[in-house]
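# Working through the structure, step by step
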Amino acid sequence: MREILLQLDEEDLPPVVEHQPVEFVAAPPGEGTLELAVDGLALEPFLRPGDAHWRWRWNPGAAAGLHTVALRGAGGARTWVLRAEPRKIDQERYAALIDDLQQVGYGLVASLGGSAAEGAAGQPQPAESLLDAYYAAILGQLPAFERAVRQVAARPHELLAPQGQRGPLDLARQVDPAALARMAEGALDPAPPGVADTLQQALRPGGGMLPREVEQPAPSPTLDIYEHRLLGHLLGLLLLRTRQIHALAEGGLQRVGQLPTARAARLREIAQSSAAAERSLRGLRALPLLDAVGPLTSFHGPTALLQRDPRYRTIYQMWQALRQQPAFSFQSPLLSIPIADLPQLYESWCALQVAAALLAAGGEVRSQRLVRPAADGDALATVGLATDAPLLVIARGDAELRLRYQPRYRPGAGAVRLRSLDRHTRTPDLAIEVWRAGAAPQVLVLDAKYRLDDDGRGVPQDALAEAYAYRGAIGYGGAGAVRRALLLYPGAASERYPSGVGVVAALPGQLGDLAGALAEALGEG
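Quick caveat, the model's predicted, so the values are computed rather than measured.

Rules and cut-offs
- Residues numbered from 1 in each chain as written.
- Predicted model: local features only at pLDDT ≥ 70, side-chain atom pairs only at ≥ 80, totals over all residues.
- Heavy atoms only, no water.
- Helix = DSSP H or I, 4+ residues; strand = E, 2+ residues; numbered from the N terminus.
- Buried < 20%, exposed > 50% of the residue type's maximum accessible area, 1.4 Å probe, protein only.
- Arc of directions from axis to C-beta.
- Contact = heavy atoms within 4.5 Å.
- Pairing = 2+ DSSP bridges.
- Axes fitted to C-alpha atoms, helices over the stretch in contact; angles between N-to-C directions.
- Parallel < 35°, antiparallel > 145°, perpendicular 65-115°, else oblique.
- Left-handed = near helix turned anticlockwise from the far one by under 90°.
- Nonpolar A, V, L, I, M, F, W, Y, C, P; charged D, E, K, R; others polar.
- Expected span 1.5 Å × (residues − 1).
- pLDDT = per-residue confidence, 0-100.
- Salt bridge = Lys/Arg side-chain N within 4 Å of Asp/Glu carboxyl O.
- Core = buried A, V, L, I, M, F, W, Y, C linked by side-chain atoms within 4.5 Å.
- Phe/Tyr/Trp six-rings, centres within 6.5 Å; stacked < 30°, edge-to-face > 60°.

Below, the discussion takes up unusual backbone geometry. Positive phi is not limited to glycine here, since Asp 39 has a value of about 55°. Residue position: Asp 39 is located in the loop between β4 (35-38) and β5 (41-42). The phi angle at Gln 406 is positive, at roughly 50°, despite the residue not being glycine. A relative accessible area of 29% means that Gln 406 is categorised as partly exposed.

So, in C-alpha cells, the structure goes:
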C-alpha cells in the first residue's frame, strides 16, 4: 500500500505504479469535513483508531497516465495531478507488442496485398526486425545509389527527339504528312520551274503558288527519357520511405527510453542515418537533370540502358530493393495505440496474429478486409480491423472460414443467422465462423484478456465467466453453435477444459500454442 500525504503547500504528488493500491492521507480539518475525488469520482473517507487524519483508498488499476486529485474542505480546495506509471513489465510488453504488431502487419501486407505497386519482385523475406529490414534494403544502399545518381547527372544519357523546323522549300529533303497539312499557313511564292516538281504535281498540277518555307524534321537531344522518369519517381518514393524509417526509429526510442542498451543505440543510429539520408535525397531531387523530366506514367521493366550502364544499373537495383519491401504504411491507428490502452493494443495484436495463423494454415482467400490501400494515393497499404464485414474469408476443403472482429450476435428468432440465445447482445473480440453447405454453422470464439489473477499466473475467474457465457449464449436455429471459447492472455500456460472453454498463452515470441489451439478447435489438429 502506497501512502500519499496531501499537503496544501505541496505542488507535486509522488508518482505511483498502475495497479498499486494508494492510501491518501490529509490532516484533520479545523471544522467540517473533507471531500476527496480522483478524476471526478468521490472516494469514501475513513479513520483509524487513535489517528485524527482522514484517509481514502484508491487503485489506479490499468489506467496509466495522469489523474486529477481534488481535495475540498471548509478551508478551501486544492487540486493536484497524479501520474500513474506503467509497470516495468508492461513497458517492456508494450514495446514488444508494438514491434511485433508492425512485423505481423508487414507480413499481412506481403501475403494479402503483394507489394501493392508496379515493379514488384516477389514476396519479401521476413526479417527479425522490421526496422532493420527497411534500413538494410534502403539506407544501406544509399551511398552507392547517391554516387550513381550524381554521375548520371554529370553526364546523362540523351535521346534524339524529332522536332520540326521551317526551312526554304528548295532545300527540303522530305515533307511528312503533318507538315504537308500546315503548308498553307506561311507565305506563298510563285514556284519557279524545277523546284519541288513532285510537290508541285501533287498540290497544283497546273502550276501556281507554293509555300516559301516548309517544316522539316530536325532531331534534337532530350533528357526526358524513361530511365530519368524512373529515377525521379524513385527519389520520391525513397523520401517517403526514409521519413517512415525515421519516424519508426524515433517511436522505438520513445518506447525503450534512454536506456544504455544495444537496441537503443541501434535505434539512435538509424534515426540519425535516416535524417541524414532525407537531406541527401532532397539534394538529389533538386538536381537540374530532373527539371526537364516528366512524371513516370507506367513501369516498363529494365531497359537495355538500365542493364548495360553501371550507373543506371545501380539506380535500377535500388528500385528493385525498394519494391521488394511491401508498401506498408505505419500511419495505421493500430500502430499508435498509447501504453495507457495496453489492453486494446493486446486485443489488436491478437487479432492480427490469429489472421496470420489462419493464412499460414493454407486455403483460398476469397475476400479480406485487413489490408487497405491508403486513401491519399501514395501507394502505401495500411492494416486495419473492420467490424462491418469479415476480416478474412478462407475456403478450406468443404468449409468456409470467416474471421470476424468484434461481431455483434444479437438476440432474435430465425434460422438463417448466428444469434444470441438470450436477450443480451454478445460481442466477443474475435470469432471464426465455420460454414458448410447443408450444415449448421459453428463458431470458435476468441477473447483477448490482458489480465492475470492475483498470483500473476492464470486468468481471473470473472474473465473465465465471460468465456462460459459466450460458450452457451451464441447459437443458430435455436441451438448452441460455439465449438470452443478460448481466452488469449499474457500468461505462461495454456489449458483446455472439458466444457469447451480454454485459455491460450500468447505474447510476442510465445505463439507456439496459438496455431495448435486453432487447428484443434477447428477440427484440423
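And the narrative resumes.
With that settled, the discussion passes to helix α12 (residues 512-521). Among all positions in α12, only Leu 514, Ala 517, Leu 518 and Ala 521 are buried. Considered in projection along α12, the buried side chains sweep an arc of 100° and stay on one side of the axis. On its buried side, α12 packs onto α10 (342-360), β22 (430-436), β23 (442-448), β26 (482-489), β27 (495-496) and β28 (501-505). Immediately beyond the C-terminal end of α12, within one or two residues, lies Gly 523, with a positive phi of roughly 75°.

Here we have 8 strands laid out as an open sheet, ordered β16-β19-β20-β22-β23-β26-β28-β27, and mixed in their pairing. With one partner strand each, in any of the chains shown, β16 (364-368) and β27 form the two edges of the open sheet. Those strands touched by α10 are β16, β19 (392-396), β20 (399-405), β22, β23 and β26, and its axis lies near 165° from that of β20. Running over the sheet, helix α11 (residues 461-473) touches β23, β26 and β28 and is turned about 160° from β26.

Attention now goes to the packing of helix α3 (residues 142-154) against helix α9 (residues 310-323). When two helices pack together, their arrangement is captured by the angle between the axes and the distance separating the axes. Packing of α3 against α9 brings their axes to within 8 Å, and their N-to-C directions diverge by 135°. In terms of axis orientation, α3 runs oblique to α9. Where α3 crosses over α9, the handedness of that crossing is left-handed. Contact with α3, carried on its side by Leu 142, Ala 144, Phe 145, Ala 148, Val 149, Gln 151 and Val 152, involves Arg 311, Tyr 312, Thr 314, Ile 315 and Met 318 of α9 and no other residues of that element. Of the residues contributing to the contact of α3 with α9, the split by class is 9 nonpolar, 2 polar and 1 charged.

Counted at 1.5 Å a residue, the expected span for α10 with its 19 residues is 27 Å, and the 27 Å between its end C-alpha atoms agrees. Of all 19 residues making up α10, 14 are buried, and the element is well covered by its neighbours. Once α10 finishes, Gly 362 follows within two positions and takes phi at roughly 95°, a positive value.

Look at α3 against helix α7 (residues 262-285): their axes get within 11 Å of each other, and the N-to-C directions meet at 15°. Considered as vectors, α3 and α7 are oriented roughly parallel to each other. Handedness of the crossing formed by α3 with α7: left-handed. Along its contact with α3, which presents Leu 142, Phe 145, Glu 146, Val 149 and Arg 150, the element α7 presents Ala 277, Ser 280, Leu 281, Gly 283 and Leu 284. Tallied by class, residues from the contact of α3 with α7 come to 6 nonpolar, 2 polar and 2 charged.

What follows concerns the sheet that holds β4. Spatially, 5 strands are ordered β2-β9-β8-β4-β5 in an open sheet, and the strand pairing comes out mixed. Since the sheet does not close on itself, it has two edges, and those belong to β2 (16-17) and β5, each with one partner.

Summary statistics for the protein chain give a mean pLDDT of 81 and a share of 79% for residues scoring 70 or more. Within the model, pLDDT remains below 50 along residues 114-128, and this stretch shows 33 contacts once partners closer than five positions in the same chain are excluded.

This part covers the environment of Gly 252. Structurally, Gly 252 is set in helix α6 (residues 226-256). In sequence terms Gly 252 and Ala 95 are 157 residues apart; their C-alpha atoms lie 7.5 Å from each other.

So, on to the pattern of salt bridges. Under the defined criterion, the tally for this structure stands at 22 salt bridges. Between Asp 398 and Arg 436 there is a salt bridge; the shortest N-O distance is 3.1 Å. One end of the pair, Asp 398, is in the loop between β19 and β20; the other, Arg 436, is in strand β22, with 38 residues separating them in the sequence. Relative accessible area serves as the criterion here: at 60%, Asp 398 is assigned to the exposed category. For Arg 436, a relative accessible area of 33% corresponds to the partly exposed category. What emerges from the salt-bridge pattern is a single network uniting Glu 3, Glu 23, Arg 48, Asp 51, Arg 55 and Arg 57.

Generally speaking, a soluble globular protein has its nonpolar side chains buried in company with each other. Counting residues in each nonpolar core, the largest one holds 52 residues, and the members touching the most others are Tyr 346, Leu 352, Val 354, Leu 370, Leu 403, Ile 432 and Leu 446. Take this core: its biggest share by element is 11 residues, from α10. Residue contacts for Leu 370: discarding those within four places in its chain leaves Leu 108, Leu 112, Leu 352, Ala 355, Thr 382, Val 383, Gly 384, Leu 385, Leu 391 and Leu 392. Residues Ile 245, Leu 284, Leu 289 and Tyr 316 belong to the second largest nonpolar core, which totals 43 residues.

Take the packing of aromatic side chains next. Counted according to the given criterion, the structure contains 6 aromatic pairs. Pairing Tyr 346 with Trp 349 gives two aromatic rings, centres 5.8 Å apart and planes at 25°, and the pair type is stacked. In this pair, Tyr 346 and Trp 349 are both assigned in helix α10, 3 residues apart and thus about one turn of the helix distant. For the pair shown, Tyr 346 and Trp 349 are each scored as buried. Grouped by ring-pair contacts, the aromatic residues Tyr 346, Trp 349 and Tyr 450 constitute a single cluster.

This part is about the environment of Trp 56. Summarising the element assignment, Trp 56 is placed in strand β7 (residues 51-58). Along the chain, Trp 56 and Leu 36 lie 20 residues apart, while their C-alpha atoms are 7.6 Å from each other.

Here β4 pairs with strand β8 (residues 65-73) via 4 bridges, running antiparallel. From the neighbouring strand, Leu 36 faces β8, where its bridge partner is Leu 71. Judged from the 9 bridges that link them, β8 and strand β9 (residues 76-85) form a sheet pairing that is antiparallel. Paired with Gly 73 across the strands is Gly 76, a residue of β9. In sequence, β8 turns back onto β9 through a hairpin of 2 residues.

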